[in-house]
Amino acid sequence: MSDDAVRPEWCVVASLLPYPYKESGPNAELRSHKIFPAGAKLHVIGGFAGKGHEVVTVVGTAHRRRYVTAHIQARYLGNWRVALIYRPEVLRAIHHAEIDDRWSAHRWNQQGFELDSPEYGEYLRRIAESFQRTQRDRTDDE
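Predicted model, so just to flag it, every value in this text is computed and none were measured.

The next point concerns the sheet that holds strand S2 (residues 41–47). Spatially, five strands are ordered S4-S3-S2-S1-S5 in an open sheet, and the strand pairing comes out antiparallel. Of all strands in the sheet, those bounded by a partner on one side alone are strand S4 (67–73) and strand S5 (77–85). Between one strand axis and the next, the sheet turns through 40° on average, direction left out of account.

Given below as structure tokens:
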């Protein structure tokens, strides 16, 4: 299949927040995570339900400008939203992650939605809003 024949797909997207190093700690000047730079756009493709999705599976551009899959704590993500993904290299990375790890890269699609359908986009929007609300509540509790 050629790159221009790839159909767009809905995906939950979030931004990586700066890592909360202690101001007086040895890494106080760093505002990045080991894998992704702060502010990176991450495609959230699943997580671990047994932990209440405290840890999610993401695909994003690493420091070395290549797409990688990682498990990261949801509390380090903000600006949760849903986007229609068109870029073939992002979709390839997501599909590769789904093949490698079916248990955590499930894309919340147990109902079998078409990945480009408006219904799936709306379903994911509710999930993204839930994550945004949950993370805000956790931040308020700390």
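Although it is not a glycine, Asn-79 adopts a positive phi angle of roughly 55°. Within the secondary structure, Asn-79 sits in strand S5.

The next thing to look at is the nonpolar core. Within the largest apolar cluster, 24 residues are counted, with the highest numbers of intra-cluster contacts made by Val-44, Val-58, Leu-77 and Trp-80. Elements supplying a minimum of two residues to this core: strand S1 (9–16), S2, strand S3 (55–61), S4, S5 and helix H2 (118–141). Beyond its immediate sequence surroundings of up to four residues, Val-44 is in contact with Cys-11, Val-12, Ala-14, Val-56, Thr-57, Val-58, Leu-77, Trp-80 and Trp-108. Among the nonpolar cores identified, the runner-up in size contains 12 residues, and Ile-85, Val-90, Leu-91 and Ala-93 belong to it.

Moving on, we come to the side chain of Thr-57. Following the sequence through the fold, Thr-57 ends up in strand S3. In this structure the side chain of Thr-57 is engaged in a polar contact, spanning 3.1 Å, whose partner is the side chain of His-71. The residues contacting Thr-57, other than those within four sequence positions of it, are His-43, Val-44, Ile-45, Gly-46, Gly-47, Phe-48, Thr-69, Ala-70, His-71 and Ser-104.

Let us now look at the packing of aromatic side chains. Each aromatic ring pair is specified by the distance between its two centres and by the angle formed by the two planes. All told, the structure shown has four aromatic pairs when counted by the stated rule. Between Trp-80 and Phe-131, the aromatic rings sit 4.4 Å apart at their centres with planes inclined by 5°, giving stacked as the arrangement. Residue Trp-80 is found in strand S5, and its partner Phe-131 is found in helix H2; the two are separated by 51 residues along the sequence. For the pair Trp-80 and Phe-131, one class covers both residues: buried. Residues Phe-113 and Tyr-123 carry aromatic rings whose centres are separated by 5.3 Å and whose planes lie at 40° to one another, so their mutual orientation is tilted. With Phe-113 in the loop between helix H1 (88–100) and H2 and Tyr-123 in helix H2, the pair connects residues that are 10 residues apart, well separated along the chain. Classification of Tyr-123 by relative accessible area gives buried; the value is 18%. Grouping aromatic residues by their ring pairs yields a cluster made of Trp-80, Trp-108 and Phe-131.

Thresholds applied
- Residues numbered from 1 in each chain as written.
- Predicted model: local features only at pLDDT ≥ 70, side-chain atom pairs only at ≥ 80, totals over all residues.
- Heavy atoms only, no water.
- Pairing = 2+ DSSP bridges.
- Helix = DSSP H or I, 4+ residues; strand = E, 2+ residues; numbered from the N terminus.
- Axes fitted to C-alpha atoms, helices over the stretch in contact; angles between N-to-C directions.
- Core = buried A, V, L, I, M, F, W, Y, C linked by side-chain atoms within 4.5 Å.
- Buried < 20%, exposed > 50% of the residue type's maximum accessible area, 1.4 Å probe, protein only.
- Contact = heavy atoms within 4.5 Å.
- Polar contact = N/O pair within 3.5 Å; in protein donor to acceptor, adjacent residues only side chain to side chain.
- Phe/Tyr/Trp six-rings, centres within 6.5 Å; stacked < 30°, edge-to-face > 60°.

That's the geometry; what it means functionally is another story.
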